Amino acid sequence: MNGQADTLQVSVWRGTGEAGKFQDFDVPAQDNQTVLDVVSWIQQYADPTLTYRFACRVGMCGSCAMMVNGQPRWSCRTHVKKVLKNRKVTIAPLRNLPVIKDLATDMDPFFDKWVAAGGTHTPSASRQDPIVLVDPGDSARVEASAGIECINCSICYAACDTVSGNPDYLGPAALQRAWTLCNDEKHGNRGAILDAVSGSGGCHNCHSMGSCTAYCPNDLDPMSAIAGLKRETTKSFFGRRK
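These lines cover the structure that appears in this document, whether it is placed above or below. (Residues numbered from 1 in each chain as written. Predicted model: local features only at pLDDT ≥ 70, side-chain atom pairs only at ≥ 80, totals over all residues. Heavy atoms only, no water.)

### Re the overall build of the chain
Point 1. In terms of regular secondary structure, the chain is built from ten helices and seven strands.
Point 2. Evaluated residue by residue, the chain yields a buried proportion of 44% over its 242 residues.
Point 3. The long-range share in the chain, meaning contacts at least 24 apart out of those at least 6 apart in sequence, stands at 64%.
Point 4. Taken as a whole, the chain presents about 12,700 Å² of accessible surface, with 51% of it coming from carbon and sulfur.
Point 5. Within the chain, the 24 negative side-chain charges are centred at a point lying 3 Å from the centre of the 25 positive side-chain charges. (Helix = DSSP H or I, 4+ residues; strand = E, 2+ residues; numbered from the N terminus. Buried < 20%, exposed > 50% of the residue type's maximum accessible area, 1.4 Å probe, protein only. Contact = heavy atoms within 4.5 Å. Areas by Shrake-Rupley, 256 points an atom, 1.4 Å probe, with all protein chains shown as cover. Lys, Arg positive; Asp, Glu negative; His and termini not counted. Charge placed at Lys NZ, Arg CZ, Asp CG, Glu CD.)

Right, dumping it as structure tokens:
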């Protein structure tokens with residue numbers, strides 16, 4: 001490492017599965033440089049075998065999510081100057097997910113839990129039925145709309161300590177999706193959602209630490225969505241006992 005003022009000292013996780021270590025690179029510093037720019041420079045000019053994932057580069061797809069100095073971030077929207085510490089930055093794959101290679105993680109567990117939480121839409125009407133108008137100001141619609149900007153980038157999943165300690169926990173994104181559909185009047189099976197999220201890995205495992213909300217790049221609030229599920233599943237449980 002030369003430590004020159006125009007050079008960044010970058011440590012990048014390399015390896016497959018649980019086996020790996022950090023590798024150091026000297027990367028030229030540029031104006032308006034993002035973490036994704038740094039990773040791309042390494043792959044293009046220093047080591048073409050570096051594996052990572054990205055698509056849009058403008059914060060729309062979420063596929064470039066990585067751990068930057070120990071925090072989950074969209075690398076395309078994270079400016080290097082904001083995260084540098086003594087001209088050093090550490091980049092690693094998202095935690096709580098299996099590592100395929102280097103910075104690329106296996107998203108299957110994340111999406112499997114999204115489905116297990118009842119995240120797929122069940123229509124309440126057929127295409128032959130008349131379209132029912134939805135009042136955007138209705139309280140349930142407001143709750144449903146609060147989470148629809150989720151792009152399943154898994155930042156919240158990587159930030160969640162409960163996921164780290166309990167591999168069966170469905171996670172913030174899956175539970176927020178469940179809350180969205182639970183409040184969508186066009187969803188046809190609300191009871192199935194409440195059943196899905198009230199089990200051993202469901203919403204009641206959440207400790208309300210709030211990391212999911214704190215780190216969400218889209219400023220969504222999964223913690224409040226999970227709190228809503230806790231209320232509704234509790235009401236459903238005691239309602240059935242009457």
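From this point, the discussion proceeds with the structure in view.
### Comments concerning the sheet that holds strand β1 (residues 7–16)
Point 1. What the five strands build is an open sheet, ordered β2-β1-β5-β3-β4; its pairing is mixed. Two strands in the sheet have a free side with no partner beyond their single neighbour: β2 (19–28) and β4 (71–74). Here the strands of the sheet are splayed against their neighbours by 35° on average, with no regard to which way each runs.
Point 2. With four bridges joining them, strand β3 (residues 65–68) and β4 adopt antiparallel strand pairing. The residue bridging M67 from the neighbouring strand is P72, located in β4. (Pairing = 2+ DSSP bridges. Axes fitted to C-alpha atoms, helices over the stretch in contact; angles between N-to-C directions.)

### A closer look at the pattern of salt bridges
Working definition: two side chains of opposite charge can pair if their charged atoms are close together.
Point 1. If you walk through the whole model with that rule in mind, you get nine salt bridges.
Point 2. Note that R57 is salt-bridged to D37, the shortest N-O span being 2.7 Å. Taken together, the residues R57 in the loop between α1 (35–46) and β3 and D37 in helix α1 connect sequence positions 20 residues apart.
Point 3. Its relative accessible area of 36% is what places R57 among the partly exposed residues.
Point 4. Here E232 makes a salt bridge to K235, at a shortest N to O gap of 3.4 Å. Here E232 pairs with K235, and both are found in helix α10 (residues 222–241), just three residues apart, close to one helical turn.
Point 5. By sharing partners, the salt bridges in this structure join R14, D47, K101 and D102 into a single network. (Salt bridge = Lys/Arg side-chain N within 4 Å of Asp/Glu carboxyl O.)

### A short note on the nonpolar core
Point 1. Residues V10, V38, V39, I42, I91, L175 and V197 are the most contacted members of the largest nonpolar core, which totals 57 residues.
Point 2. Ranked by the residues each element gives to this core, the list is headed by helix α7 (residues 172–182), at seven residues.
Point 3. With sequence-adjacent residues up to four places away left out, L175 is seen in contact with Y169, L170, V197, G202, C203, I226 and L229. (Core = buried A, V, L, I, M, F, W, Y, C linked by side-chain atoms within 4.5 Å.)

### Here we look at the packing of aromatic side chains
Point 1. Enumeration according to the criterion identifies five aromatic pairs in this entry.
Point 2. Note on F110 and Y157: the rings are 5.6 Å apart at their centroids and 90° apart in plane angle, and the pair reads as edge-to-face. Remark: Y157 occurs in helix α5 (residues 155–159) and F110 occurs in helix α3 (residues 108–116); sequence separation between them is 47 residues.
Point 3. The class of F110 is buried, set by a relative accessible area of 3%.
Point 4. Overall, Y157 belongs to the buried group, its relative accessible area being 2%.
Point 5. One aromatic cluster is present, formed by F110, F111 and Y157 through successive ring pairs. (Phe/Tyr/Trp six-rings, centres within 6.5 Å; stacked < 30°, edge-to-face > 60°.)

### What about the layout of surface pockets?
Point 1. In this structure, the largest pocket occupies an estimated 270 Å³ of space.
Point 2. In terms of lining, the largest pocket is formed by 13 residues, of which the most central are R73, W74, R77, T78 and P217.
Point 3. For the lining of the largest pocket, the secondary-structure elements that each account for two or more residues are β4, α2 (80–83) and α9 (211–215).
Point 4. With three residues, the single largest contributor to the lining of the largest pocket is β4.
Point 5. Across the lining of the largest pocket, the residue classes tally to seven nonpolar, two polar and four charged.
Point 6. Put simply, the second largest pocket is a space of about 230 Å³.
Point 7. Lining the second largest pocket are 14 residues, with A125, P130, I131, V132 and K186 positioned closest to its centre. (1 Å grid on protein atoms, 1.4 Å probe; cavity = no way out; pocket = protein on both sides within 12 Å on 5 of 7 lines; lining within 4 Å. Points joined across faces, edges and corners; volume = space filled by probe spheres on them. Nonpolar A, V, L, I, M, F, W, Y, C, P; charged D, E, K, R; others polar.)

### Notes on the environment of T233
Point 1. Within the fold, T233 resides in helix α10.
Point 2. The spatial distance from the C-alpha of T233 to the C-alpha of T16 is 40 Å, given a sequence separation of 217 residues.
Point 3. Side-chain polar atoms of T233 contact the backbone oxygen of L229, separated by 2.8 Å.
Point 4. Among the polar contacts made by the side chain of T233, one reaches the main-chain carbonyl oxygen of K230 at a distance of 3.1 Å. (Polar contact = N/O pair within 3.5 Å; in protein donor to acceptor, adjacent residues only side chain to side chain.)

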